[in-house]
Amino acid sequence: MEDTGFQARLISEDTTDRSTQLCRIRVQGLACISCSMTVEYYLGAIKGVQKALASSPNEQVEVHYDPRILSCTQILEAIEDIGFQGTILTKGEDISKIHLHIDGVETEDSMTAVRDALRALAGVREIDFDPEIKKLSICFETDLTGPRDFIETIQAAGLGNFKAMIFPEKGGKAAEREEEIRQYYRSFLWSLVFTIPVFLTSMIFMYVPGINRWLEIKVINMLNVGELLRWTLSTPVQFVIGRRFYIGSYKALKHGSANMDVLIALGTNAAYFYSVYSVLRAATSSKFESTDFFETSSMLISFILLGKYLEVLAKGKTSEAIEKLMNLSPETATLLKLDNNGNVLSEEEIDSRFIQKRDVFKVVPGAKLPCDGVVVWGQSHVNESMITGESKQVAKQMGDEVIGGTLNANGVLHVKATKVGSESALAQIVRLVESAQMAKAPVQKLADHISKYFVPLVIALSVSTWFAWFSAGKLNAYPKSWIPSSMDSFELALQFGISVMVIACPCALGLATPTAVMVGTGVGASQGILIKGGQALESTHKVSCVVFDKTGTLTMGRPVVVGTKLISDAHLNELISLAAAAEVNSEHPLAKAIVDYAESLRQDNEEIGSHVWPEAHNFVSITGQGVKATVRTKEVLVGNKSLMVDHNVHIPTVAEETLADAERSAQTGIFVAVDRELHVILAVSDPIKPGAKEVVAALKLMKVKSIIVTGDNRGTANAIAREVGIDGVVAEAKPGEKAEKVKELQGEDNVVAMVGDGVNDSPALVAADVGIAIGAGTDIAVEAADIVLMRNNLEDVITAIDLSRKTLLRIRLNYLWALGYNALSIPLAAGALFPSTGFRLPPWVAGAAMAASSVSVVCSSLLLKNYNRGKSGV
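Not measured: the values here are computed from a predicted model. (Residues numbered from 1 in each chain as written. Predicted model: local features only at pLDDT ≥ 70, side-chain atom pairs only at ≥ 80, totals over all residues. Heavy atoms only, no water.)

Asks: Run through the overall build of the protein, naming residues and quoting values.
Replies: Of regular secondary structure, the protein possesses 30 helices and 32 strands. C-alpha extents for the protein along the principal axes are approximately 125 × 75 × 65 Å. Here the protein holds 874 residues, and 53% of them are scored as buried. Residue pairs in contact within the protein that sit at least 24 positions apart in sequence constitute 70% of those at least 6 positions apart. The average position of the 83 basic charges and that of the 98 acidic charges among the side chains of the protein differ by 8 Å. (Helix = DSSP H or I, 4+ residues; strand = E, 2+ residues; numbered from the N terminus. Buried < 20%, exposed > 50% of the residue type's maximum accessible area, 1.4 Å probe, protein only. Contact = heavy atoms within 4.5 Å. Lys, Arg positive; Asp, Glu negative; His and termini not counted. Charge placed at Lys NZ, Arg CZ, Asp CG, Glu CD.)

Next up, the structure:
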């Protein structure tokens with residue numbers, strides 16, 4: 001533009017919706033950390049993908065991509081090319097999506113007619129139809145249209161011959177997990193059917209008279225009945241029941257990575273195919289006596305399936321908190337039809353997913369609200385604890401906002417829908433918690449780094465173990481008496497090699513962090529504390545300094561005028577009226593206090609007439625000082641001492657003394673000057689929140705220092721600080737100066753958490769290591785904050801820090817167990833104790849130990865569910 005001869009200035013730049021979109025895809029078979037890293041690596045290499053995060057515990061992939069370069073469908077195809085099956089969950093956060101089942105649409109022409117009719121509706125963004133299951137998926141903007149419009153349009157397009165309804169889902173993620181649990185359970189039971197006879201014939205029946213003679217009957221040459229029976233029974237376990245390990249290995253090796261499936265497949269194949277070689281040699285020889293390990297391969301697979309079953313069962317419990325949130329919405333709602341005067345003409349019970357914006361619905365006592373809205377009739381109390389964690393019921397009357405998923409207690413309400421579908425507070429909370437659970441904590445990098453080399457290292461150790469024992473046997477480096485009577489030196493070495501291969505467990509490492517983060521963030525969400533991911537969780541546990549804003553954070557945020565000091569002969573009501581006329585244009589809490597005080601003076605004096613204040617011209621809001629405006633041709637200044645000094649307003653001694661008295665009482669002194677002459681001082685008080693003193697004391701016990709950084713005057717800030725027990729005070733700070741103070745504290749080697757209400761604290765919230773927005777209510781998408789506290793309760797700051805510390809402690813314990821298990825178990829499986837004690841770990845026992853290690857890590861993370869906030873969270 002400047003090249004063409006014009007002067008231009010960038011006002012704002014908003015590229016979020018155009019250049020970045022987010023899609024979530026559920027990926028089947030994302031079982032371990034190696035799989036997750038493979039998916040992340042290949043998706044990250046695709047042009048247009050900005051970031052890809054894969055989480056094995058909840059089997060989801062979150063992809064940030066440029067929609068101008070590729071689509072969500074192309075990302076899904078890429079995942080399928082890698083070798084995984086995927087299902088798109090969401091394509092973005094700005095639109096809603098609904099799935100309908102259509103009857104009567106039999107031809108392509110019929111479907112074209114339906115598409116054309118739907119596309120004619122304002123707000124319809126995308127239409128997709130699956131003819132096999134007659135599933136119609138529609139992406140739409142909730143401001144412009146909704147599900148009922150779609151059904152009416154579809155029926156009209158077919159002249160009554162087409163019918164549409166909500167597509168019957170099979171239960172979503174929970175149902176898929178239940179099916180996965182059932183599959184592992186069935187596989188385990190079927191493996192037992194074949195493995196138990198194999199175990200009995202190889203370990204028990206050989207010592208039972210009569211049965212052992214039958215098992216030793218020769219079939220062909222030296223091949224006996226027992227060996228043939230074990231071969232027959234173990235083959236289905238190896239190749240049918242155990243085929244999932246071959247599939248997993250193929251997918252991993254296809255892309256140059258190795259996972260747990262590779263170790264299992266190698267270990268079981270080594271035992272199985274050596275046994276096959278042994279029995280075939282016996283069948284073709286009249287002298288060779290076979291020694292088989294069919295029980296090793298089949299028992300190994302059985303124990304691993306048992307471990308997987310228990311692991312999936314435990315992993316399902318890590319996401320219970322988010323599932324409870326998703327199940328809060330009721331299935332049905334009572335839709336009201338109103339006339340122009342707001343009178344109810346009729347009511348109809350509909351599926352709650354059919355609610356559209358601006359619909360009015362009825363909520364009876366004991367029923368849940370189907371979506372967010374505003375009360376247009378009635379009064380009641382609503383239990384919001386399931387959303388905000390607030391235990392007390394909240395009174396609601398006409399004009400009050402209500403949250404979908406909350407419980408109406410004792411009155412009938414008529415509510416107008418304001419946010420539906422993906423826009424609702426409940427949907428945003430679920431989405432935020434899901435994103436938090438997808439995000440990787442920095443501590444996860446340790447597991448990612450180790451896992452790159454873990455499986456190849458284990459394979460090398462396994463081969464080295466076999467070679468070392470085999471060579472030692474051939475060179476007579478140990479007594480022949482060490483070799484069990486049923487084996488030779490090669491077979492003993494093979495047992496040690498297989499044990500090393502199957503006992504090593506990278507899965508335990510991979511589960512250590514994500515399962516703890518999932519449980520920790522879920523527990524936080526259930527208490528109204530929304531932690532935005534592993535990074536926020538890890539930073540919070542290191543916090544050594546908490547910076548508090550004053551107004552609305554340490555104080556109630558509802559200031560009131562508690563005193564006035566007139567220092568001129570002017571009329572008080574006239575001065576307050578001029579001040580209110582200027583302050584009514586400001587959104588500052590102190591401005592609202594002055595306007596409310598002026599209103600009360602009007603009522604006390606029974607003034608009759610319009611409550612509209614005189615018009616203010618040339619209004620200017622001066623950050624950190626106050627406001628300036630022209631009212632009735634008079635220049636009005638309302639603000640602090642700094643504002644008066646900057647505008648050359650003389651401040652007499654009596655005014656200085658009045659200000660000092662107010663500040664000693666933890667009150668804020670507001671000066672009102674007209675035409676550069678000071679006339680009145682207002683004392684404004686903002687009560688301290690209950691429990692603020694106890695919270696500061698609790699922080700001291702946690703070795704966390706507290707500081708107040710406020711735009712208020714120094715005297716008031718010091719008085720508040722003394723009352724709550726805070727030593728450090730920075731007063732009269734503008735928003736930018738708050739951020740500078742945060743950086744200064746960080747420069748002193750502090751990990752800083754900034755606690756504010758998010759209104760004028762955004763720069764400081766962003767600058768801090770951890771930004772905590774308090775009292776956010778349903779405005780949970782506070783961009784500047786790392787942690788969002790839905791309640792206006794200071795104790796939740798303590799809870800957030802304490803919960804993060806407990807979660808990180810649990811992650812460290814998980815790593816200690818996972819690394820310690822591998823460090824101890826691999827030498828044990830390699831026969832480190834065998835020369836001195838004769839102790840040897842059979843491969844099937846090693847497999848059981850490996851499975852137990854993964855389950856133990858998940859169960860360790862699940863202990864976080866018992867987290868309970870005590871007094872002040874400690």
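After that view, the rundown keeps rolling.
Asks: If you had to explain the sheet that holds strand β18 (residues 407-408) to someone new, which residues and values would you point to?
Replies: Two pairing modes exist for strands in a sheet, parallel and antiparallel, and in both the strands are linked by backbone hydrogen bonds. Taken in spatial order, the 3 strands make up an open sheet running β16-β15-β18, and their pairing is antiparallel. Among the strands making up the open sheet, the edge pair consists of β16 (394-396) and β18. By the bridge criterion, 3 bridges tie strand β15 (residues 380-383) to β16 in an arrangement that is antiparallel. Note that in β16 the partner of Val382 across the bridge is Val394. (Pairing = 2+ DSSP bridges.)

Asks: Lay out the sheet that holds strand β13 (residues 360-363) in plain terms, naming residues and giving numbers.
Replies: Strand order in the open sheet formed by 6 strands is β12-β11-β13-β19-β14-β17, and the pairing between neighbours is antiparallel. Where the open sheet ends on each side, the last strands, each with one partner, are β12 (344-351) and β17 (401-402). Looking at chain direction, strand β14 (residues 372-377) and β17 are connected through 2 bridges and run antiparallel. In the sheet register, Val374 faces β17, and the bridge partner there is Glu401.

Asks: A description of the packing of helix α16 (residues 489-503) against helix α30 (residues 843-862) should follow, citing residues and the corresponding values.
Replies: Between α16 and α30, whose axes approach to 8 Å, the crossing angle comes to 10°. It follows from the interaxial angle that α16 and α30 lie roughly parallel. Seen from α16, the contacting residues are Gln495, Ile498, Ser499, Val502 and Ile503; seen from α30, they are Pro843, Ala846, Gly847, Ala849 and Met850. For the contact of α16 with α30, the class distribution of residues is 7 nonpolar, 3 polar and no charged. (Axes fitted to C-alpha atoms, helices over the stretch in contact; angles between N-to-C directions. Parallel < 35°, antiparallel > 145°, perpendicular 65-115°, else oblique. Nonpolar A, V, L, I, M, F, W, Y, C, P; charged D, E, K, R; others polar.)

Asks: Provide a residue-level description of the nonpolar core, including the pertinent values.
Replies: Val546, Phe548, Leu699, Ile726, Ile772, Ile787 and Leu794 are the most contacted members of the largest nonpolar core, which has 109 residues in total. Those residues in contact with Ile772 that lie beyond four places of it in its chain are Ala753, Met754, Val755, Gly756, Leu765, Ile787, Leu789 and Val797. Among the nonpolar cores identified, the runner-up in size contains 35 residues, and Val124, Ile154, Ile355 and Val402 belong to it. (Core = buried A, V, L, I, M, F, W, Y, C linked by side-chain atoms within 4.5 Å.)

Asks: So what's going on with helix α26 (residues 735-747)? Which residues, and what values?
Replies: The end-to-end C-alpha separation of α26 is 19 Å, in line with the 18 Å expected for 13 residues at 1.5 Å each. Those residues of α26 that sit buried are Lys738, Ala739, Lys741, Val742 and Leu745. Along α26, the residues classed as buried sweep out an arc of 155° about the axis, all on the same side. Along its buried surface, α26 packs onto β21 (545-548), β28 (705-709), β29 (728-730), β30 (752-756) and α27 (762-767). (Expected span 1.5 Å × (residues − 1). Arc of directions from axis to C-beta.)

Asks: Outline the packing of α16 against helix α28 (residues 795-829), listing residues and values.
Replies: Their axes nearest at 8 Å, the elements α16 and α28 cross at an angle of 165°. One element, α16, and the other, α28, form an angle in the roughly antiparallel class. Of the two possible hands of crossing, α16 and α28 adopt the one that is right-handed. Contacts from Phe496, Ser499, Val500 and Ile503 in α16 reach Tyr821, Asn822, Ser825, Ile826 and Ala829 in α28. Looking at the contact of α16 with α28 residue by residue, the class counts come to 6 nonpolar, 3 polar and no charged. (Left-handed = near helix turned anticlockwise from the far one by under 90°.)

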